[in-house]
Amino acid sequence: MGKSGGTIRLTAAQAMVKWLSVQMTPAASGSEAVGEQKLDRYIDGMWAIFGHGNVAGMGEALHAYRDVFPTWRGQNEQTMAHAAIAYAKAKKRTRAMAVTSSIGPGSTNVVTAAALAHVNRLPLLVVAGDVFATRRPDPVLQQVEDFDDGTVSANDCFRPVARYYDRISRPEHILYALPRALRMMTDPANCGPAVLAFCQDVQCEAYDYPEEFFEPRVWHIRRPHPDLDELARVADMVRKAKRPVIISGGGTIYSQAEDALGDFATRHRIPVAETQAGKSGLPQAHPMNFGASGVDGSAAANTASQKADLVIGVGTRFQDFTTGSRTLFGEGARLVSINIHGYDAAKHGAESLVGDAKVTLEALSEALGDYRAEAPDEAAREDWLRAVDTYCARPEDQAAKPTDGQVIGAVQRATGPDAIAMCAAGTMPGALKLLWKPSQGGYHMEYGYSCMGYEVAGAMGLKLGAPERDVICFVGDGSYMLANSELATAVMRRIPFTVVLTDNRGYGCINRLQTMGCGGEPFNNMYVDCNVEVQPEIDYAMHAAAMGAHAVKVAGTDELEAEVAAARSRNIPTVIVIETVAKDFPGTGLETFAGDHGFFWDVAVPQVSERHKQRDRFEEYLGQITNARLVN
């Protein structure tokens, strides 16, 4: 930054907000013109809960610039950040939101959300209040004191989960910290959360900032092309393959490579399996979409993966659920990984092809020319889709509690092609990955961190990011109890979405893992197995209605369908409560956690137990882990 030009005297907090208000990005269908280019603000605005660590500095600054940089009040720092993350995911990382928190608990509340953003490679700006740089009032209220290190504050908790971390202890630090933060957030390879620990006295300190610092800047997201030698090696591997399969992850969607993937798969006749993050990159109706991969995968996709002689990952981290904890792919199968980051591209001993998913798929397709693989098993795909329809069909007995699959079927029938199903933790993510039939972009799952409590706030952020689409939030009673307060925010801001709350009276997913997957006994998951004096009778509909949502409890899937259809006309959230059975996937051939199709998930089993059931399960476990690929 040069020294020419004038200066403007502002507090550090005022300068930060003023600078953020002029950071732009090319708009998909832009609303603001700079010259001939239509632009949007990259940081759409800031979620805020004020305390003594940010009210005087950031609070005053956000008020001063409220007409050009909006501030929104949430109910919990973690869920505000969840909403911001869901917005960035909905925008395919082209835009983001910021969150400001006070010192101490306000800041550490955001740590979980920062970890979620880090794992999912999603941009988030956290402006966390910090201790006094002068140390004059030490220990300030809520200050964490390290007896052996005077430089430590509670915000150091962010270091392992931040992609960029900085402490603003002088007002001129923002001249360097802010551009570095956005440089990382707009980098497709290193994207993640940026955390700026902002000393509260420095927020209020004045400095003469160069006027040129506040000139509008446009941030562009690059598309790195693949190395030509890597491209040639991978093209040769594909040409030699007879039965390749593609595993498509979230990077496909973030790259906006959905159409390129469909064209590639069709031209070269290669079936596609999807991860949780990659689902809906291809619409379910696409003939090369063989469904979900791995632990919670379809028989069609997993059988194709087991028989494949080449597995081509596109924008995937090859996480344990995707790979069946490294047991899914056949012993002789070779791996290729197309990924924007070399770290991910080299996982599992894969042949790396580093580059943007869209341009790399296009370049690889050109290099392959007329190559076509052996015809995939279309009958297996059709069999799987028929099994899905059967499992999701309307139950004849409307008085009986439905399965999660029957709930999914009812919601699917009641929504249009614009619907987005979203979720995060529990039984429902596996069921949705297997059973939901989305249009392109009709699926939003936070499963990298599988964070309970993401759902309601995430639905709000998703709706803000995709206001033209119908957002359906699936949440279990366990996750709803953990974090539901942003319903009140959505009511206040008139952000409509539909919450389908499935009540199975406990943590049904972990109960099944405990008893079926690990050989344990039911304990401390379902309320009936907990150490309580009285079984709870929680009226979730009344609770949601108390926050202003339209809320109703339904008795069966017919009523559920009607309520889901009616919700589309409202301008506030709708919460529909339905009781479901605690166990799912009974006898359908679609079991997700017990392996008819190699759906192994490596969860450790105790080596020593007094119970025969536990000992037998450990012997089974030993046999399963011997099939894992050990190459990393």
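How should I be thinking about the packing of helix α1 (residues 12-20) against helix α2 (residues 55-64) in this particular structure?
Describing two packed helices takes the angle between their axes plus the distance from one axis to the other. With their axes 8 Å apart at the nearest point, α1 and α2 run at an angle of 45° to one another. Relative to α2, α1 is oriented oblique. For α1 against α2, the interelement crossing comes out right-handed. Along its contact with α1, which presents Ala13, Gln14, Met16 and Val17, the element α2 presents Gly57, Met58, Glu60, Ala61 and Leu62.

Got a minute to help me understand the pattern of salt bridges in this structure?
Two side chains with opposite charge may pair up if their charged atoms get near one another. With the rule as written, the count across this model stands at 29 salt bridges. Among the salt bridges present, the one from Asp44 reaches Arg95, with a minimum N-O distance of 2.9 Å. Placement of the pair is Asp44 in strand β5 (residues 43-48) and Arg95 in the loop between α3 (77-90) and β7 (96-101), with a sequence separation of 51 residues. Relative accessible area serves as the criterion here: at 11%, Arg95 is assigned to the buried category.

Please explain the sheet that holds strand β17 (residues 334-339) as it appears in this structure.
Neighbouring strands of a sheet are bound in pairs by backbone hydrogen bonds; such pairs are parallel or else antiparallel. Within the open sheet, the six strands sit side by side as β15-β14-β13-β16-β17-β18. Their pairing is parallel. Looking at the sheet topology across the chains shown, the edges are occupied by β15 (289-292) and β18 (351-354). Adjacent strand axes in the sheet meet at a mean angle of 20°, parallel and antiparallel pairs treated alike. Alignment of β17 against β18, held across four bridges, turns out to be parallel. Opposite Val336, over in β18, you have Glu351 as the bridge partner. Helix α11 (residues 299-307) rests against β13 (244-248), β14 (272-274) and β15 of the sheet, and its axis sits at about 100° to β15.

Help me out: how do you make sense of the environment of Lys347 in this one?
Within the fold, Lys347 resides in the loop between α13 (342-345) and β18. When the C-alpha atoms of Lys347 and Pro429 are compared, they prove to be 24 Å apart, with 82 residues separating the residues in sequence. Here the side chain of Lys347 touches Asp344 through a polar contact of 2.8 Å, side chain to side chain.

Any chance you could explain the confidence of the model for the chain here in plain terms?
In regions of low pLDDT, the predicted coordinates are not meant to be interpreted in detail. Residues with a pLDDT of 70 or more make up 95% of the chain, whose mean pLDDT is 93. Note on residues 585-595: pLDDT under 50 across the span, and 26 contacts to partners over four residues away in sequence or across chains.

Which parts of the structure should I look at to understand the environment of Val605?
Relative to the helices and strands, Val605 resides in the loop between β24 (574-579) and α24 (612-625). Val605 sits 13 residues away from Phe618 along the chain, and the two C-alpha atoms are 5.7 Å apart. In contact with Val605, other than residues within four places in its own chain, are Gly517, Cys518, Gln614, Arg617, Phe618 and Tyr621.

In this structure, what is going on with the state of the cysteines? I would like to understand it.
Each disulfide is one covalent bond, formed between the sulfur atoms of two cysteines. If you walk through the whole model with that rule in mind, you get zero disulfides. Take Cys392: it sits in no disulfide, and the sulfur closest to it among the cysteines is that of Cys423, at 14 Å. The thiol of Cys509 is unpaired, and the distance to the nearest cysteine sulfur, on Cys423, comes to 10 Å.

Looking at this structure, I do not really get the sheet that holds β7. What am I missing?
Pairing within the open sheet is parallel, and its six strands lie in the order β6-β5-β7-β8-β10-β9. Here the strands that pair on one side only, and so sit at the sheet edges, are β6 (71-73) and β9 (164-168). Neighbouring strand axes in the sheet, compared pairwise and without regard to direction, differ in orientation by 20° on average. Relative to strand β10 (residues 193-199), strand β8 (residues 124-130) runs parallel, the two sharing seven bridges. Note on β10: the bridge partner recorded for Asp130 is Cys199. Strands β5, β8 and β10 of the sheet are contacted by α1, whose axis makes an angle of about 155° with β10.

Can you walk me through unusual backbone geometry in this structure?
For residues other than glycine, phi is negative in most cases, and the peptide bonds are mostly trans. The omega torsion across Asp138 and Pro139 is -10°, close enough to zero to call that bond cis. Structurally, Pro139 can be placed in the loop between β8 and β9. The phi dihedral of Gln142 is positive, around 75°, even though this residue is not glycine.

How do you make sense of helix α21 (residues 508-517) when you look at a structure like this?
Among the ten residues of α21, eight are classified as buried, and the element is accordingly described as predominantly covered. Those residues of α21 that are buried lie in contact with α17 (427-435) and α24. Positive phi shows up at Gly519, right after α21, with a value of about 75°.

Would you explain the nonpolar core in this entry?
Here is a general trend for soluble globular proteins: nonpolar side chains tend to be buried in one another's company. Core analysis: the largest hydrophobic core is formed by 59 residues, its most contacted members being Trp47, Phe158, Tyr480, Leu487 and Phe497. Looking at which element gives the most residues to this core, the answer is α3, with seven residues. Beyond its immediate stretch of four places on either side in the chain, Leu487 contacts Val456, Tyr480, Phe497, Ala544, Met547, Ala549, Pro573 and Val575. One finds Ala300, Phe318, Ala414 and Ala431 within the second-largest nonpolar core, a separate group that totals 46 residues.

I'm lost on the packing of aromatic side chains in this one. Help?
Between two aromatic rings, the relevant description is the distance of the centres plus the angle of the planes. Inspection of every chain in the model, using the stated rule, returns twelve aromatic pairs. Aromatic pair Phe321 and Trp601: ring centres 4.5 Å apart, planes at 75°, arrangement edge-to-face. In this pair, Phe321 is assigned in helix α12 (residues 320-323) and Trp601 in the loop between β24 and α24, connecting sequence segments 280 residues apart. Classification of Trp601 by relative accessible area gives partly exposed; the value is 26%. Ring geometry for Tyr480 and Tyr540: centres 5.8 Å apart, planes at 85°, overall edge-to-face. With a gap of 60 residues between them, Tyr480 in helix α19 (residues 477-482) and Tyr540 in helix α22 (residues 540-546) connect regions that are remote in the sequence. Of the two residues, Tyr480 and Tyr540, neither departs from the other in class, the shared state being buried. These aromatic residues form a ring-pair network of at least three members: Trp19, Tyr207, Tyr209, Phe213 and Phe214.

The rules we used
Along every chain, residues carry numbers that run from 1 in the direction the sequence is written. This being a predicted model, a pLDDT of at least 70 is required before a residue's local features are given, and a value of 80 or more before pairs of side-chain atoms are given or counted; all residues contribute to the totals for chains, interfaces and linings. Remark: hydrogens and water are excluded; side-chain values derive from all non-hydrogen atoms of the structure. Axes, fitted as lines to C-alpha atoms, cover a helix only where it is in contact. Angles between the N-to-C directions of the axes lie from 0 to 180 degrees. Counting from the N terminus, the helices are the DSSP runs of H or I reaching at least four residues and the strands are the DSSP runs of E reaching at least two. Here is the rule for angles: anything less than 35 degrees is roughly parallel, anything more than 145 is roughly antiparallel, 65 through 115 is roughly perpendicular, and the remaining ranges are oblique. Take the far helix as the reference: if the near one is turned anticlockwise from it by less than a right angle, the crossing is left-handed, and if turned clockwise, right-handed. Residue contacts are defined here by distance: any two heavy atoms, one from each residue, within 4.5 Å place the two residues in contact. In what follows, salt bridge is the name for a side-chain nitrogen of Lys or Arg lying within 4 Å of a carboxyl oxygen of Asp or Glu. For each residue, the accessible area found with a 1.4 Å probe, counting protein chains only, is set against the maximum for its type, and the residue is called buried under 20%, exposed over 50%, and partly exposed in between. Strand pairing is assigned whenever DSSP identifies at least 2 bridges connecting the two strands. In the analysis that follows, any N or O atom pair within 3.5 Å is treated as a polar contact, provided that within protein one partner can donate a hydrogen and the other can accept it, and provided that, for residues neighboring in sequence, both atoms belong to side chains. Think of pLDDT as the predictor's per-residue confidence, scored from 0 to 100. A pair of cysteine sulfur atoms is labelled a disulfide when the two atoms are within 2.5 Å. Put simply, buried Ala, Val, Leu, Ile, Met, Phe, Trp, Tyr and Cys residues joined by side-chain atoms within 4.5 Å make one nonpolar core. For Phe, Tyr and Trp, rings pair up if their centres lie within 6.5 Å, where Trp contributes its six-membered ring, and each pair is then called stacked (planes under 30 degrees apart), edge-to-face (over 60) or tilted (otherwise).

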